[in-house]
Amino acid sequence: MKVVRGGMVVAALASGAQAQLVDPGFESNALGVYTTVLNNFTTQQGIWAPESGARVGTTGAVTPASGNFMLQMNQNGGVVTQAWQVTDMAPYAAAISAGTATFNLDALFNSEGQPSPQGYIRLNFYSGPSLSNYTSSISSGTFTLDNTPTTWENFSATGTIPIGTTWVTTEFGFVNSTMGGFPGFVDNARLQIVPAPGPVSLMAAAGLIAVRRRRAR
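Structural notes, computed from the coordinates.

Basis of the calculations
Residues numbered from 1 in each chain as written. Predicted model: local features only at pLDDT ≥ 70, side-chain atom pairs only at ≥ 80, totals over all residues. Heavy atoms only, no water. Salt bridge = Lys/Arg side-chain N within 4 Å of Asp/Glu carboxyl O. Helix = DSSP H or I, 4+ residues; strand = E, 2+ residues; numbered from the N terminus. Buried < 20%, exposed > 50% of the residue type's maximum accessible area, 1.4 Å probe, protein only. Contact = heavy atoms within 4.5 Å.

Topic: the pattern of salt bridges
(1) Moving on: Scanning the model with the defined rule gives two salt bridges in all.
(2) Moving on: Where Arg190 meets Asp106, a salt bridge forms, and the shortest distance between an N and an O atom there is 3.2 Å. Of this pair, Arg190 sits in strand β13 (residues 184-194) while Asp106 is found in strand β7 (residues 102-111), placing the two residues 84 residues apart along the sequence.
(3) Moving on: For Arg190, a relative accessible area of 24% corresponds to the partly exposed category.
(4) Moving on: Here Asp106 falls in the buried class, since its relative accessible area comes to 3%.
(5) Moving on: Residues Glu171 and Arg122 are paired through a salt bridge, measuring 3.1 Å at the closest nitrogen-oxygen approach. Linking Glu171 in strand β12 (residues 167-175) with Arg122 in strand β8 (residues 118-126), this pair joins segments that are 49 residues apart in sequence.

Describing unusual backbone geometry
(1) Moving on: We note that Phe26 has phi near 60°; this positive angle belongs to a residue other than glycine.
(2) Moving on: In this structure, Phe26 sits in the loop between β2 (18-19) and α1 (34-38).
(3) Moving on: When its relative accessible area of 0% is taken as the criterion, Phe26 is described as buried.
(4) Moving on: In this structure, Asn188 takes a positive phi of about 50° despite not being glycine.
(5) Moving on: Residue position: Asn188 is located in strand β13.

Observations regarding the environment of Pro117
(1) Moving on: In this fold, Pro117 is placed in the loop between β7 and β8.
(2) Moving on: Here Pro117 falls in the buried class, since its relative accessible area comes to 0%.
(3) Moving on: Separated by 61 residues in sequence, Pro117 and Thr178 have C-alpha atoms that sit 4.8 Å apart.
(4) Moving on: The contact partners of Pro117, leaving out residues within four places of it in the chain, are Ser111, Phe143, Thr144, Leu145, Asp146 and Thr178.

See the structure below:
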């Protein structure tokens, strides 16, 4: 059994949280072309799009954290090699407008054993359905993995979704200069949106408490 180390692992969904990413373990869907996905939010949402990568099974000493597949990310000519998925935030518009919607983003990272590869995860916010509507990001910052391919490491980012956000992109990547020509791997990516309880939910909870009090008498 693999040992998950590194950043904080979120053991269960918080009350009211909903998972947002499609195919979080890279088990089912074909990968998209990143330029197509990032330039067509409304038609390409829910599709994983690596800059340079592939869905793979066991590779060298690295086996998927769960299931049969993981995402392999390859070193390229840029500063980082990245992967994205686009998500529509319309279901959370009320909570976002009230400034009460928060998120938890985490994923498992691994490598084939090169010394000290560095990775990151980030949630990018947009006020409309295109890259030109970018407003801000919240990131885990760059973290350093161990060089043990039998160990998957979990890293996370959390924060409040800015008012005015209508779309987000989940992004994770590796710093090319730290990859040593070896691929990096990602599995079990998870984005959870946590809207604060609305008035109806609060009233329902208050009613339930009142019923329990009457029954206790």
